[in-house]
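Overview (structure and organization)
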Amino acid sequence: MGIRAWLSRPLANHIVKKQRRWMANGPGVQAAWREQLVTKAATTRFGKDHFFQEVKTYDEFKDAVPVRDYEDLKPYVEHILHGEHDVLWPGQPAYFAKTSGTTSGVKYIPITAESLPNHINSARDALLNYIHETGKAEFLDKKLIFLSGSPELEKKAGINIGRLSGIVNHHVPGYLRTNQLPSYETNCIDDWETKLEKIIDETIDQPMSLISGIPPWVQMYFDRIRARTGKDIKDVFPDFSLFVYGGVNFEPYRAKLYEAIGKRVDSVETYPASEGFIAYQDTQTEEGLLMLLDSGIFFEFIPVENFFDEKPKRLSIAEVEVGKNYAVIINSNAGLWGYSLGDTVKFVSINPYRILVTGRIKHFISAFGEHVIGEEIEKALQYAMQRHPEVEVTECTVAPMVAPPEGGLPYHEWLIEFATPPADAAAFAKDLDKRLTELNVYYDDLISGSILKPLVITSLPRNAFIDYMRSQGKLGGQNKVPRLSNDRKIAEGLKK
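Residues numbered from 1 in each chain as written. Predicted model: local features only at pLDDT ≥ 70, side-chain atom pairs only at ≥ 80, totals over all residues. Heavy atoms only, no water.

Digging into the nonpolar core
If you look at the biggest cluster of nonpolar residues, it comprises 82 residues, and the most contacted ones within it are F52, L88, M291, F299, W337 and F347. Among the elements that take part in this core, helix α6 (residues 116-134) stands out by supplying 7 residues, more than any other. L88 has contacts with A41, T44, F46, L73, Y76, V77, I80, P110, G335 and W337, leaving out every residue within four places of it along the chain. Among the nonpolar cores identified, the runner-up in size contains 53 residues, and M220, Y258, A260 and I447 belong to it. (Core = buried A, V, L, I, M, F, W, Y, C linked by side-chain atoms within 4.5 Å. Buried < 20%, exposed > 50% of the residue type's maximum accessible area, 1.4 Å probe, protein only. Helix = DSSP H or I, 4+ residues; strand = E, 2+ residues; numbered from the N terminus. Contact = heavy atoms within 4.5 Å.)

Encoded structure:
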């Protein structure tokens, strides 16, 4: 056993003991964080605007801080980007995580010196929980790969800006730097095709033991290795024993990934977001991800059915119930207040608090990590119809095609019922795809990186949507087919 594996075990014991203390008193720990966050931010611009000096109880907090999305937060972010201090949190952020927006385009999510450990330590602790439970630590002595975005950063108002995965890459502990792959230079390559080939060059003859990344990107990495070597991953990397993933639903990829590997390997699921590291899999034997209640975030939960109410019901961790779907709201030492993540979760346990990520509060597609929302579909369709004025669309919906029956790269399938079809269907599809890449930076990355091929249009016969709704018993009233979904249930129903 190497020095890293040997040292990791007492550290894992320490972290798990500390974790168990706060797991035993989740509501108390969360109440303490709320009080601490409000006190610390009382003299900021946001704290003064929302009378934090007068906030003592949770009810007073809810009265003072409305639920918001990025658009509501954006004016405060603009103050920071213009050089102002003490806006959302004392001082200035250490970083802005650059992520895809909705109506605003790019979003800049603050990461402060106080909130950075939430991202760094949570990723570390997920692995330490695995080591503590299984006793398996030898993977730390071999090579580890983290498929991530570029670590290159830009500056704005003196603040470093980049993708979250690239920011985190700068804070990989020193004791792991010497066995981390790919190299910094390779990680900085923008073009995914070029970057992937360089990653393979650097890893193919190395003793890879841990591989981490979003499942579709890892799948492409595996596919390229198999094409180059003619071997299963277990034969190329006989030491590969642990897969760490997050970002998208793993289930559509599980069978294909294990087929590529050629054997079962252990896995650890994580729930990171630019806004904060929310949860991780702390055990191999229980369902769900442990909610991180002692990591600088005060969580709130809104029952999904109440989310769009004028004044939605907000619950603390002490008030949640098993089996119900909630929208996640966070308040954090990054300076996010009443901030809706857009995600929905369901508790599978409240002793301790473990969750499943069940989806988004609005319809979306993120089968490949693209986070495409209905508004972006609408805008792309509007743009293409303006470019092709002869076109009339009765209805449409979009679904991911993860494993195309015809082979090749996956794609988004647009199922459209035309009243008047385009004179040039290929040009219409091209304009749809062009606009969607402009609206969504993640989708653009996937297209330009050849993870996805451009969208495919399937033209449906007249009354296809009406017939589908009738078959579902939902014809009439306010029922309608969603503009997009993250699975193929609706798409396959329409195609029947």
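A look at the packing of helix α14 (residues 374-387) against helix α15 (residues 425-439)
Packed helix pairs are specified by the crossing angle of their axes together with the interaxial distance, meaning the distance between the axes. Running from N to C, α14 and α15 cross one another at 140°; their axes reach a closest spacing of 8 Å. Judged by the angle between their axes, α14 and α15 are oblique. In this structure, α14 meets α15 at a crossing whose hand is right-handed. On α15, the residues touching E376, K379, A380, L381, Y383, A384, M385 and R387 of α14 are F428, D431, L432, K434, R435, L436 and L439. The residue inventory of the contact of α14 with α15, partitioned by class, reads 9 nonpolar, no polar and 6 charged. (Axes fitted to C-alpha atoms, helices over the stretch in contact; angles between N-to-C directions. Parallel < 35°, antiparallel > 145°, perpendicular 65-115°, else oblique. Left-handed = near helix turned anticlockwise from the far one by under 90°. Nonpolar A, V, L, I, M, F, W, Y, C, P; charged D, E, K, R; others polar.)

Notes on the environment of P173
Mapped onto the secondary structure, P173 falls in the loop between α7 (164-169) and α8 (174-177). Separated by 157 residues in sequence, P173 and V16 have C-alpha atoms that sit 19 Å apart.

What to know about the pairing of strand β14 (residues 339-350)
For β14, the buried fraction is high: 9 of the 12 residues fall into the buried class. When β14 meets strand β15 (residues 353-360), the two strands line up antiparallel, connected through 7 bridges. The residue bridging F347 from the neighbouring strand is I355, located in β15. Here β14 hands over to β15 after 2 residues, the two strands then running antiparallel side by side. (Pairing = 2+ DSSP bridges.)

Points about helix α11 (residues 215-229)
Given a rise of 1.5 Å per residue, 15 residues ought to cover 21 Å, and the 21 Å separating the end C-alpha atoms of α11 matches this to within 8%. Along α11, the residues that are buried comprise P215, P216, W217, V218, Q219, M220, Y221, F222 and I225. Just downstream of α11, G230 is the residue with a positive phi angle, here 75°. (Expected span 1.5 Å × (residues − 1).)

What to know about the sheet that holds strand β18 (residues 392-401)
With mixed pairing, the 3 strands of this open sheet are ordered in space as β18-β19-β20. Each of the sheet's edge strands pairs with one partner strand only, and the pair in question is β18 and β20 (456-460). On average, each strand axis in the sheet is tilted by 25° relative to the strand beside it, whichever way the strands run. Bridge count between strand β19 (residues 411-420) and β20: 5 bridges; the pairing is parallel. Within β20, the residue paired with W414 across the bridge is I457. Packed onto the sheet, α14 meets β18 and β19 and runs at close to 130° relative to β18.

Things to note about the confidence of the model for the protein
On average, residues of the protein score 90 in pLDDT, and 97% of them reach the 70 mark or higher. For the protein, per-element mean pLDDT is lowest for α8, which scores 71, and highest for helix α2 (residues 26-40), which scores 98. (pLDDT = per-residue confidence, 0-100.)

Here we look at unusual backbone geometry
With an omega dihedral of -5°, the bond running from L181 to P182 counts as a cis peptide bond. As for its placement among the helices and strands, P182 is situated in the loop between β6 (180-181) and α9 (184-187). Put simply, N351 and P352 share a cis peptide bond, and its omega is 5°. Relative to the helices and strands, P352 is located in the loop between β14 and β15. Of note in this structure, D86 is not a glycine but carries a positive phi near 55°. When you line up the elements, D86 lands in the loop between α5 (70-81) and β1 (95-100). Among the residues examined, D86 registers a relative accessible area of 37% and is labelled partly exposed. Despite not being glycine, N463 has its phi angle at roughly 70°, a positive value. If you trace the backbone, N463 turns up in the loop between β20 and α17 (464-471).

Thoughts on the packing of helix α1 (residues 3-23) against α6
Orientation of α1 relative to α6, taken along the N-to-C sense of each, is 105°, at an axis distance of 8 Å. Of the possible angle classes, the one that applies to α1 and α6 is roughly perpendicular. The segment α1 lies against α6, with S8, R9, L11, A12, N13, I15, V16, Q19 and R20 engaging R124, D125, L128, N129, I131 and H132. In terms of residue class, the contact of α1 with α6 is made up of 6 nonpolar, 5 polar and 4 charged.

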